[in-house]
Amino acid sequence: MKESELLDQYILNHIDAENDYLKALYRDTHVKLLRPRMASGHLQGRLLKMFVEMIKPMQILEIGTYSGYSALCMAEGLQEGGMLHTFEINDEQEDFTRPWLENSPYADKIKFYIGDAMQLVPQLDIQFDLAFVDGDKRTYVECYEMVLKQLRPGGFIIADNTLWDGHVITTPAANDYQTQGIMAFNDLLASDDRVEKVILPLRDGLTLIRKK
Ligand SMILES: C[S@@+](CC[C@H](N)C(=O)[O-])C[C@H]1O[C@@H](n2cnc3c(N)ncnc32)[C@H](O)[C@@H]1O
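Report on the accompanying structure. (Residues numbered from 1 in each chain as written. Predicted model: local features only at pLDDT ≥ 70, side-chain atom pairs only at ≥ 80, totals over all residues.)

### Remarks on the overall build of the chain
- Check the secondary structure of the chain and you find eight helices and seven strands.
- For 212 residues, the compact-globule estimate of 2.2 N^0.38 gives 17 Å, and the chain sits close to it at 17 Å.
- Considering only C-alpha atoms, the chain reaches an extent of 50 × 40 × 35 Å along its principal axes.
- Residues counted as buried form 36% of the 212 residues belonging to the chain.
- The long-range fraction of contacts in the chain, counting pairs at least 24 apart against all pairs at least 6 apart in sequence, stands at 70%. (Helix = DSSP H or I, 4+ residues; strand = E, 2+ residues; numbered from the N terminus. Rg over C-alpha atoms; globule rule 2.2 N^0.38 Å. Buried ≥ 20, exposed ≤ 12 C-beta atoms within 10 Å, placed from the backbone. Contact = placed C-beta atoms within 7 Å.)

Below, the structure is given as structure tokens:
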């Protein structure tokens with residue numbers, strides 16, 4: 001094993017374990033779905049739960065449900081009466097994800113929507129306290145602007161994959177719209193006075209944003 005893999009394993013051995021339900025979901029994600037690496041996994045999942053416990057949101061927005069791993073971790077941290085609204089654009093994902101969400105101990109804290117969050121979220125009359133942005137990297141800027149409008153002052157956005165495997169410090173190919181999208185988002189944020197921001201170099205990069 002490489003040194004970085006040993007360190008990753010060391011971290012996992014010294015943080016809270018995933019519960020058995022999450023372990024089973026992670027396994028099922030890898031057995032049945034394409035691109036299972038998109039799922040948050042053990043470390044990021046525990047971190048998302050901890051953020052929810054720190055921020056104590058009543059209303060959470062998630063853009064990009066995929067298999068439901070991050071949704072379940074955030075719902076686990078939600079206080080009584082809190083609600084997570086999670087959106088997935090790919091309708092082929094529903095048959096896999098809905099049972100995992102609805103059979104979980106947190107089913108009554110999760111509303112799962114199939115459709116384009118960019119269209120559906122503005123139709124909801126909800127001010128969010130926390131948003132986890134993990135959808136299409138090509139449209140991160142548009143997504144951020146939409147989410148910021150729906151966020152209360154003092155609310156937080158957590159944006160995933162903002163270092164994009166290190167590609168953000170390369171010159172992207174003309175047709176690499178995902179790297180270009182992430183770089184445009186990072187550049188916009190760097191000079192955006194509406195928010196405070198910090199990048200955590202965890203996994204693929206997590207940007208924490210606080211609306212002033
Ligand atoms: C990286 S995966 C999400 C992983 C999940 N949040 C986790 O951490 O376990 C991104 C998902 O976002 C979905 N997606 C992309 N654009 C979207 C949009 N505009 N609205 C809703 N879902 C979207 C994709 O179909 C994909 O399933």
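### So, the site of the ligand
- Close to the ligand lie 19 residues; Ser 40, Gly 64, Ser 70, Ala 117 and Gly 135 are nearest.
- Secondary-structure elements contributing two or more residues to the shell around the ligand are helix 4 (69-77), strand 2 (83-88) and helix 6 (117-120).
- Here the shell around the ligand is built from residues that sort into nine nonpolar, six polar and four charged. (Near = placed C-beta within 6 Å. Nonpolar A, V, L, I, M, F, W, Y, C, P; charged D, E, K, R; others polar.)

### As for unusual backbone geometry
- A positive phi angle, near 65 degrees, is found at Asn 161, a position not held by glycine.
- Within the secondary structure, Asn 161 sits in the loop between strand 5 (151-160) and helix 8 (177-190).
- Residues other than glycine seldom take positive phi values, yet Asp 165 does so here, at roughly 60 degrees.
- The residue Asp 165 is located in the loop between strand 5 and helix 8 in this model.

### Looking at the packing of helix 3 (residues 41-55) against helix 4
- Orientation of helix 3 relative to helix 4, taken along the N-to-C sense of each, is 35 degrees, at an axis distance of 7 Å. By crossing handedness, the relation of helix 3 to helix 4 is classed as right-handed. For the pair formed by helix 3 and helix 4, the contact residues are Gly 45, Leu 48, Lys 49, Met 50, Val 52 and Glu 53 on the first element and Tyr 69, Ser 70, Cys 73, Met 74, Glu 76 and Gly 77 on the second.
- Per-class residue counts for the contact of helix 3 with helix 4 are six nonpolar, three polar and three charged. (Axes fitted to C-alpha atoms, helices over the stretch in contact; angles between N-to-C directions. Left-handed = near helix turned anticlockwise from the far one by under 90°.)

### Here we look at the environment of Thr 139
- With respect to the helices, strands and loops of the structure, Thr 139 is situated in the loop between strand 4 (128-133) and helix 7 (140-149).
- Judged by the 17 C-beta atoms lying within 10 Å of it, Thr 139 is partly exposed.

### Side note on the environment of Glu 88
- In this structure, Glu 88 sits in strand 2.
- Among the residues examined, Glu 88 registers 25 C-beta atoms within 10 Å and is labelled buried.
- Through-space distance from the C-alpha of Glu 88 to that of Leu 206 is 20 Å; in sequence the pair is 118 residues apart.
- Once residues within four sequence positions are removed from consideration, Glu 88 is found in contact with Gly 64, Thr 65, Tyr 66, Gln 93, Thr 97 and Ile 114.

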